[in-house]
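# Coordinate analysis (summary)
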Amino acid sequence: MRIIIGLGNPTLKYSKTRHNVGFDTIDVLSKKHKIKVKKNQFKALIGEGFINDEKVILVKPMTYMNNSGEAVKEIVDYYKINPCEDLIVISDDLNLDVGVLRLRSKGSAGGHNGLKSIIKCIETESFHRVRIGVGKVPANRDVITHVLSRFGKDDRKIVKESFNVAAQAIECAITDGMDKAMSKYNGPINRL
């Protein structure tokens, strides 16, 4: 069984912001695999189903980004999964250009508060991540304003395709392993 967590902030106020690309990717997986993510449990909205014959639980934490680890810890503990093998976290990355994906099997939080919270709560940096580029912070803007902003029209088209490619990368990781997914999907999405 795989637990796939899309990071974001609840409420319509944050819908379609840079910080919510994890939620948006969960929405793509949900629609594609007909998994309704509506059950309110573990401080999150969850949905159970199958991707490529593998049981999965799709998750949108409702704790707000900085406390994402609380929901993740409850889910990891309840299902008794090994985060190193069975946990995939989708997040935004402001160090990557829009249209770039970075998959990793472990690593630091890289300054991302949602990932920091997860690492602190589950006490390991060893879990799979799919980072979606949301663009660097412009000189005239602070980090918080940037990640809570919405994409411009041109970037929105690119990032919507990023959600589709990130979903394909997750499907590949489930079927063929994270190493194969990393070798195939790391980098700009337009090269695929």
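Residues numbered from 1 in each chain as written. Predicted model: local features only at pLDDT ≥ 70, side-chain atom pairs only at ≥ 80, totals over all residues. Heavy atoms only, no water.

So, on to the overall build of the chain. Secondary structure assignment for the chain yields 7 helices and 8 strands. In terms of C-alpha radius of gyration, the chain reaches 15 Å, essentially the compact-globule figure of 16 Å for 192 residues. With the principal axes as the frame, the chain shows a C-alpha extent of 45 × 35 × 30 Å. In the chain, which comprises 192 residues, the share counted as buried stands at 54%. (Helix = DSSP H or I, 4+ residues; strand = E, 2+ residues; numbered from the N terminus. Rg over C-alpha atoms; globule rule 2.2 N^0.38 Å. Buried < 20%, exposed > 50% of the residue type's maximum accessible area, 1.4 Å probe, protein only.)

Quick look at the packing of helix α1 (residues 21-33) against helix α6 (residues 153-176) now. Packing of α1 against α6 leaves a shortest axis separation of 9 Å and a crossing angle of 60°. Comparing their axes, α6 and α1 come out oblique. As for how α1 packs across α6, the hand of that crossing is right-handed. Along its contact with α1, which presents Val21, Asp24, Thr25, Val28, Leu29, Lys32 and His33, the element α6 presents Arg156, Val159, Phe163, Asn164, Ala166, Ala167, Gln168, Ile170 and Glu171. (Axes fitted to C-alpha atoms, helices over the stretch in contact; angles between N-to-C directions. Parallel < 35°, antiparallel > 145°, perpendicular 65-115°, else oblique. Left-handed = near helix turned anticlockwise from the far one by under 90°. Contact = heavy atoms within 4.5 Å.)

Let us now look at the nonpolar core. Among the nonpolar cores identified, the biggest contains 35 residues, and Ile4, Leu58, Leu103, Ile132 and Ile170 are the most heavily contacted of them. Elements that contribute at least two residues to this core include exactly α1, β4 (54-61), β5 (87-93), β6 (100-104), β7 (128-133), α6 and α7 (178-185). Considering each element in turn, this core owes the most residues, 10 residues, to α6. Residues Ile57, Ala71, Ile75 and Phe127 belong to the second largest nonpolar core, which totals 23 residues. (Core = buried A, V, L, I, M, F, W, Y, C linked by side-chain atoms within 4.5 Å.)

Let us now look at the pairing of β4. Counting buried residues in β4 gives 6 out of 8 residues, a clear majority hidden from the surface. Here strand β1 (residues 2-6) runs beside β4; their pairing, made up of 4 bridges, is parallel. The partner of Ile5 across the bridge, within β4, is Val59. Two elements, strand β3 (residues 44-51) and β4, share 8 bridges in a ladder whose sense is antiparallel. (Pairing = 2+ DSSP bridges.)

In this section: the pairing of β1. Burial analysis of β1 places 5 of its 5 residues in the buried class, which makes it a mostly covered element. Taking every second residue as pointing to the same face, both faces of β1 are buried, with Arg2, Ile4 and Gly6 on one and Ile3 and Ile5 on the other.

The next thing to look at is the sheet that holds β5. The strand order across the open sheet formed by 8 strands is β2-β3-β4-β1-β5-β7-β6-β8, and the pairing between neighbours is mixed. Because the sheet does not close on itself, it has two edges, and the strands there are β2 (39-41) and β8 (187-188). Along the sheet, helix α4 (residues 113-122) contacts β5 and β7; its crossing angle with β5, the most-contacted strand, is approximately 150°. Each of β6, β7 and β8 is contacted by α7, which is oriented at about 160° to β6, the strand it contacts most.

We now examine the confidence of the model for the chain. Of the residues in the chain, 99% have a pLDDT of 70 or more, and the chain-wide mean is 93. Mean pLDDT values for the elements of the chain range from 86 in helix α5 (residues 143-147) up to 97 in β1. (pLDDT = per-residue confidence, 0-100.)

This brings us to the packing of α6 against α7. Running from N to C, α6 and α7 cross one another at 145°; their axes reach a closest spacing of 7 Å. As for how α6 packs across α7, the hand of that crossing is right-handed. Of the residues in α7, those in contact with Val165, Gln168, Ala169, Cys172, Ala173 and Asp176 of α6 are Met178, Lys180, Ala181 and Tyr185. Grouping the constituent residues of the contact of α6 with α7 by class yields 7 nonpolar, 1 polar and 2 charged. (Nonpolar A, V, L, I, M, F, W, Y, C, P; charged D, E, K, R; others polar.)

Take the environment of Ala71 next. By the element assignment, Ala71 lies in helix α2 (residues 68-79). Residue classification places Ala71 among the buried residues on the basis of a relative accessible area of 0%. Placed 12 residues apart in sequence, Ala71 and Val59 show a C-alpha to C-alpha distance of 9.1 Å. Excluding anything up to four places from it in sequence, Ala71 contacts Phe42, Lys43, Ala44, Pro61 and Thr63.

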